[in-house]
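# Coordinates in review
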Amino acid sequence: MDGSAAAVKLDRETVSVLLAHRERQAAERAARLEKRLPWTDTGEIFTREDGDVAASGDCQ
């Protein structure tokens, strides 16, 4: 993480999409932990399947 932070305005649809993504990510985390697979809590929005920070090339 680079330590930068900025406030941005988001429309309601974008907020809805991000909230749904967070719910899916929480379900993926729970499923991995249930299977005793590793999960890294980074607090990031976009992560790899193990919770680690996604590189720019990982997002499509």
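Higher on the page you've got the structure.
Structural notes, computed from the coordinates. (Residues numbered from 1 in each chain as written. Predicted model: local features only at pLDDT ≥ 70, side-chain atom pairs only at ≥ 80, totals over all residues. Heavy atoms only, no water.)

## Some points on the layout of surface pockets
Picture a little ball the size of a water molecule; that probe, rolled over the atoms, points out where space is still empty. In this structure, the largest pocket occupies an estimated 160 Å³ of space. Partitioning the lining of the largest pocket into residue classes produces four nonpolar, three polar and two charged. (1 Å grid on protein atoms, 1.4 Å probe; cavity = no way out; pocket = protein on both sides within 12 Å on 5 of 7 lines; lining within 4 Å. Points joined across faces, edges and corners; volume = space filled by probe spheres on them. Nonpolar A, V, L, I, M, F, W, Y, C, P; charged D, E, K, R; others polar.)

## Comments concerning the environment of Leu 10
Summarising the element assignment, Leu 10 is placed in the segment before α1 (12–34). Of the residues examined, Leu 10 reaches a relative accessible area of 46% and is grouped as partly exposed. Residue contacts for Leu 10: discarding those within four places in its chain leaves Val 15 and Leu 18. (Helix = DSSP H or I, 4+ residues; strand = E, 2+ residues; numbered from the N terminus. Buried < 20%, exposed > 50% of the residue type's maximum accessible area, 1.4 Å probe, protein only. Contact = heavy atoms within 4.5 Å.)

## Quick look at the pattern of salt bridges
The tally for this structure, following the rule as stated, stands at one salt bridge. Linking Asp 41 and Arg 29 is a salt bridge whose minimum nitrogen-to-oxygen distance equals 3.2 Å. Pair noted here: Asp 41 is in the segment after α1 and Arg 29 is in helix α1, with a separation of twelve residues, a long-range link. Its relative accessible area of 56% is what places Asp 41 among the exposed residues. (Salt bridge = Lys/Arg side-chain N within 4 Å of Asp/Glu carboxyl O.)

## Describing the side chain of Gln 25
Along the polypeptide, Gln 25 turns up in helix α1. Looking at Gln 25, the relative accessible area reads 14%, which means it is buried. With residues near it in sequence (within four places) discarded, Gln 25 still touches Trp 39, Glu 44, Ile 45 and Thr 47.

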